[in-house]
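Residue strings, one per chain:
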Amino acid sequence: MGLLSEGLTQLLIPLAALVGLAFALLQWFLVSRVKVSGSYGEGNGYKDKLIGEAEEGVDSLEVTTKVAEIQNAISIGATSFLFTQYRYLSIFVGVFSAIIFLFLGSVKGFSTKSEPCTYNTGNTCKPALANAFFTTIAFLLGALTSVLSGFFGMKIATYANARTTLEARRGVGKAFITAFRSGAVMGFLLAANGLLVLYITINLFKLYYGDDWEGLYESITGYGLGGSSMALFGRVGGGIYTKAADVGADLVGKVERNIPEDDPRNPAVIADNVGDNVGDIAGMGSDLFGSYAESSCAALFVASISSFGISHDYTAMSYPLIISSMGIVVCLITTLFATDLFEIKKVSEIEPSLKRQLLISTVLMTAGIAGVTFVALPSEFTLFSFGTNKAVKNWYLFFCVAIGLWAGLVIGYTTEYYTSNAYSPVQDVADSCRTGAATNVIFGLALGYKSVIIPVFAIAFAIYVSFSLAAMYGIAVAALGMLSTISTGLAIDAYGPISDNAGGIAEMAGMSHEIRERTDALDAAGNTTAAIGKGFAIGSAALVSLALFGAYVSRAGIETVDVLTPKVFIGLLVGAMLPYWFSAMTMKSVGSAALKMVEEVRRQFNTIPGLMEGTAKPDYATCVKISTDASLKEMIPPGALVMLTPLIAGTFFGVETLAGILAGSLVSGVQIAISASNTGGAWDNAKKYIEAGASEHAKSLGPKGSDPHKAAVIGDTIGDPLKDTSGPSLNILIKLMAVESLVFAPFFAAHGGLLFKWL
């Protein structure tokens, strides 16, 4: 037994979650003190303070009112899209819940009799029908938590964007703190919510399961499936929405009409800003929640069939949840470094401050993991490893978690090197724009492919070490280690779209050039950190899906996965093809939606008199409708591909072919996801490098409207669906197929492989 008693563990986990929620509310309260619109009334004292401290040439009250109007339009657009999307998803959740119940219930013919345990031999476990029921409940809870994570994140982001714009009048430091605090609200809400719901679910299920921990933690895997299935549709739908608007706004506005990015004359500009929130905030929130839920479920399942589960050591069993609890505390301390301990005074300090967050949280978390490991785990124990028991010491697990954590940092910093315009890779891409869009595209693709090398080595090293030390449990906790600083990671990630929106609002409200420069600087830093967030998401997805793959192989009763057998090899080939098929669908969806958007924006410029002169208002609503309709219609086929593949493969071709499919999709999906995200990020920042003109080299390529700038815009437009739709969605594909296979493994093991049985 570890040093930590069961009672103390039961107290500390929910306490950490509640502290996280309280901290999120505190950050939200601090952001809410920046007033927008009518609440600027006389007598609240805030207006005088704000105007008094502002720079010279402060924008008038009329501009403030305009800022409030724009914020309101973005908020309404984002909320109505999410509600429409959730209506569609509620039908999916209902249907899929029924599938889970019927498939798992039929494993033993809907029998209500207790049966012998699979792993804890000699004991009896609860009936398969109970597992079917509780897995369905866990699936519903995971789906609900995922939806709430995305929705609250989006509400906070749309609440904070205008406040960031207004704070930019007082200086870049004030605006940075507002944007970062808002991101932190989302980060802490998501981490604390995910932990609290999972903890409560386990304790409620325990009332029925009692000593049957094998069945309890098997049914908990439904929580990860629910979280990730919502994330898939959120990511794909939001990604199609945002990129259709972005591509339409850029191609007609920047390239054809030569007007700024967020010019209010551009009809697609509101849709573009709404898209940032539904794709990069709501989608990203659901995605990282899915990763967190799945890595926790994989670790808990593998532990439940090891000595922790068999000897009913609750504290050791809860080790994954204790890591997440420690992560919330560490991230809370880390956040104070950005918002309270160091004040940003210059534009050049923004990006280093965000990167410092990653380093501080990683160093503190390493110490936190060491403490947690030695108090929560016994000094020696055994772990389940494909039919055998592996003897493990507690400090092995410290290395597993720590190596996942540090591999995440390596992936983050490598991503930053390849996507930030402070370094040579992006500057070379910008330089290639001198000879047109074709060379820009060639250089960008080469950069993306090259950027895969170091992350893949980091993931491979983490897998080898953690598997050698603690089998599949080691890989599961390494994934948790990478995600343990999720609150800080999400705060940095959400900061980007909030700053982007703030810049758009400043442009549309006609604020001074100086304010726009500040918001642009915030946005450029956010762009790079968003790429880091995507790197984290992909790296953790690789580890999570491998851990789930191990759990699936154990649960399906496969002794070895032999690549030389035809059943497995055909699975490998098909699995490696799936990420390409999925990317083709999502890219084409963005293309067809963008086509409609470009035609609509051109139509408005050609038919509305006075639009270019700024005397007439564009029809924003039609562009919002085009994005909404396209994303809701187009998210269904890629979603169906991911959800149906494991069901069809497992039922008709059997557990071994499905194992091949999971391995193939993991290997090719990780490569494509990293290269797509980094290529898109590099093109985006190459364009921003030229627009900012911060160095002599950048000035020689500019200004806005020059031929190199137009070539850069075309590269950015091609990169948009790569970095914000296909790339980030692929990490959900590899995780979701693995967790779905694990949930349905009992059915596939009992009734799968129909085709091979008939032949």
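Scoring rules and cut-offs
Residues numbered from 1 in each chain as written. Predicted model: local features only at pLDDT ≥ 70, side-chain atom pairs only at ≥ 80, totals over all residues. Heavy atoms only, no water. Salt bridge = Lys/Arg side-chain N within 4 Å of Asp/Glu carboxyl O. Buried < 20%, exposed > 50% of the residue type's maximum accessible area, 1.4 Å probe, protein only. Helix = DSSP H or I, 4+ residues; strand = E, 2+ residues; numbered from the N terminus. Expected span 1.5 Å × (residues − 1). Bend = angle between axes of the 7 residues up to and from the residue. Core = buried A, V, L, I, M, F, W, Y, C linked by side-chain atoms within 4.5 Å. Contact = heavy atoms within 4.5 Å. Patch = residues over 30% accessible without salt bridge, like charges linked within 9 Å, V, L, I, M, F, W, Y side chains within 5 Å. Areas by Shrake-Rupley, 256 points an atom, 1.4 Å probe, with all protein chains shown as cover. Lys, Arg positive; Asp, Glu negative; His and termini not counted. Pairing = 2+ DSSP bridges. Axes fitted to C-alpha atoms, helices over the stretch in contact; angles between N-to-C directions. Left-handed = near helix turned anticlockwise from the far one by under 90°. Nonpolar A, V, L, I, M, F, W, Y, C, P; charged D, E, K, R; others polar. Polar contact = N/O pair within 3.5 Å; in protein donor to acceptor, adjacent residues only side chain to side chain. pLDDT = per-residue confidence, 0-100. Phe/Tyr/Trp six-rings, centres within 6.5 Å; stacked < 30°, edge-to-face > 60°. Lys NZ or Arg CZ within 6 Å of the ring centre and 35° of its normal.

Q: Would you explain the pattern of salt bridges in this entry?
A: When the charged atoms of two side chains with opposite charge come close together, those side chains can pair. Counted by the stated rule, this structure contains 30 salt bridges. As a salt-bridge pair, Glu167 and Arg170 come within 3.1 Å of each other at their nearest N and O atoms. Of the two residues, Glu167 and Arg170, neither departs from the other in class, the shared state being buried. The residue Glu349 makes a salt bridge to Lys346 at a minimum N-O spacing of 3.6 Å. You can call Lys346 partly exposed: its relative accessible area is 49%. The network of salt bridges with shared partners includes Lys243, Asp246, Asp523, Asp684, Lys687, Lys688, Asp716, Asp720, Lys723 and Asp724.

Q: When you look at helix α20 (residues 636-653) in this model, what are you seeing that I'm missing?
A: The periodicity of an α-helix, 3.6 residues per turn, causes residues three or four positions apart to be oriented the same way. In a regular helix each residue adds 1.5 Å, so 18 residues correspond to 26 Å; α20 covers 24 Å between its end C-alpha atoms and thus fits that length. The sharpest bend along α20 reaches about 35 degrees and sits at Leu644, with the proline Pro646 one to four residues further on. Residues Pro638, Gly639, Leu641, Val642, Met643, Thr645, Pro646, Leu647, Ala649, Gly650 and Thr651 constitute the buried set of α20.

Q: Would you take a moment to explain the nonpolar core for this structure?
A: Generally speaking, a soluble globular protein has its nonpolar side chains buried in company with each other. Phe176, Tyr319, Ile350, Tyr473 and Tyr552 are the most contacted members of the largest nonpolar core, which totals 234 residues. Top element by residues in this core is helix α5 (residues 172-209). It accounts for 22 residues. Not counting residues up to four positions away in its chain, the partners in contact with Tyr319 are Ile369, Val372, Thr373, Ala376, Leu377, Leu397, Phe398, Val401, Tyr473 and Val477. Among the nonpolar cores identified, the runner-up in size contains 18 residues, and Leu447, Trp683, Ile690 and Leu722 belong to it.

Q: Hey, could you run me through a nonpolar patch on the surface in this one?
A: Residues Val563, Phe569, Leu573, Val574, Met577 and Trp581 make up a contiguous nonpolar surface patch of about 530 Å² in total accessible area. If you trace the backbone, Phe569 turns up in helix α18 (residues 566-607). Phe569 gets classed as partly exposed once you look at its relative accessible area, which sits at 41%.

Q: Would you mind showing me how to read unusual backbone geometry here?
A: Among all residues except glycine, the phi angle is most often negative; among peptide bonds, the trans geometry is most common. The residue Asn258 is not glycine, and still its phi comes out positive at about 55 degrees. By the secondary structure assignment, Asn258 is in the loop between α6 (213-256) and α7 (269-304).

Q: So what exactly am I meant to see when it comes to the side chain of Asp493 here?
A: Relative to the assigned elements, Asp493 resides in helix α16 (residues 486-508). Look at Asp493: it is buried, it has no salt bridge, and the nearest opposite charge is Arg235 at 5.4 Å. Here Asp493 is in contact with Met284, Thr529, Ala530 and Gly533, once residues within four sequence places are set aside.

Q: How should the pairing of strand β3 (residues 380-385) be read in this particular structure?
A: Side-chain positions along a regular strand alternate between the two faces of the sheet. Note: β3 against strand β4 (residues 388-393), 6 bridges, orientation antiparallel. Pairing of Glu380 across the sheet is with Lys393, part of β4. Counted between consecutive antiparallel strands, the loop separating β3 from β4 contains 2 residues, among which Phe386 sits at a positive phi close to 50 degrees.

Q: Help me understand the packing of helix α4 (residues 128-167) against α7, please; the structure alone is not making it clear to me.
A: Two numbers describe a pair of packed helices, the interaxial angle and the distance between the axes. Contact pair α4 / α7: the axes reach a minimum separation of 8 Å and the direction vectors enclose 145 degrees. The interaxial crossing formed by α4 with α7 has right-handed handedness. Note on element contacts: α7 touches α4 through Asn277, Ile281, Ala282, Ser286 and Phe289, opposite Gly142, Thr145, Ser146, Ser149, Gly150, Gly153, Met154, Ala157 and Thr158. Classifying every residue of the contact of α4 with α7 gives 5 nonpolar, 9 polar and no charged.

Q: Help me understand the environment of Ser729, please; the structure alone is not making it clear to me.
A: With respect to the element layout, Ser729 can be found in helix α23 (residues 707-751). Look at Ser729 and you get buried, because its relative accessible area is 0%. For the pair Ser729 and Gly222, spaced 507 residues apart in sequence, the C-alpha to C-alpha distance is 20 Å. Among residues more than four places away in sequence, those in contact with Ser729 are Arg235, Val236 and Phe582. Within the structure, Ser729 has its side chain in polar contact with the backbone oxygen of Thr725 (distance 2.5 Å).

Q: Please explain the confidence of the model for the protein as it appears in this structure.
A: With 96% of its residues at a pLDDT of 70 or more, the protein has an overall mean of 88. Mean pLDDT values for the elements of the protein range from 35 in helix α2 (residues 46-53) up to 96 in helix α14 (residues 437-450). Taken together, the stretch residues 38-59 has pLDDT below 50 and engages in 34 contacts with residues farther than four places along the chain or on a different chain.

Q: Is there a simple way to think about the packing of aromatic side chains in this case?
A: Both the distance between ring centres and the angle between the ring planes are used here to describe each pair of aromatic rings. Throughout the structure, instances matching the rule amount to 31 aromatic pairs. Plain terms: the ring middles of Phe96 and Phe139 are 5.7 Å apart, the flat faces sit at 45 degrees to each other, and that makes the pair tilted. You can see Phe96 sitting in helix α3 (residues 61-105) and its partner Phe139 sitting in helix α4, a full 43 residues away along the chain. Ring centres of Phe176 and Phe180 lie 5.9 Å apart, and the angle between their planes is 20 degrees; this geometry places the pair in the stacked category. Note that Phe176 and Phe180 are positioned in helix α5 at a spacing of 4 residues, about one turn of the helix. Taken as a pair, Phe176 and Phe180 share a single burial class, namely buried. Ring pairs connect the aromatic residues Phe92, Phe96, Phe103, Phe139, Phe233, Phe744, Phe747 and Phe748, which therefore count as one cluster. Positioned above the aromatic ring of Tyr208, the side-chain terminus of Lys126 is 4.9 Å from the ring centre. Lying over the aromatic face of Tyr159, Arg163 brings its terminal NZ or CZ to 3.8 Å of the ring centre.

Q: I would appreciate a short explanation of the side chain of Glu634 in the present structure.
A: Mapped onto the secondary structure, Glu634 falls in helix α19 (residues 620-634). The charged side chain of Glu634 is buried without a salt bridge, its nearest counter-charge being Lys633 at 4.4 Å. Within polar-contact distance, the side chain of Glu634 engages the side chain of Ser589 at 3.1 Å. In contact with Glu634, not counting residues within four places along its chain, are Ile240, Ser589 and Ser592.

Q: Explanation requested: the environment of Thr645 in the structure shown.
A: Here Thr645 lies in helix α20. Overall, the relative accessible area of 13% leaves Thr645 in the buried class. C-alpha of Thr645 to C-alpha of Lys393: the two residues are 252 residues apart in sequence and 39 Å apart in space. Setting aside its immediate chain neighbours within four residues, Thr645 contacts Leu578, Ala640, Ile661 and Met737. In terms of polar contacts, Thr645 uses its side chain to reach the backbone carbonyl oxygen of Leu641, at 2.5 Å.

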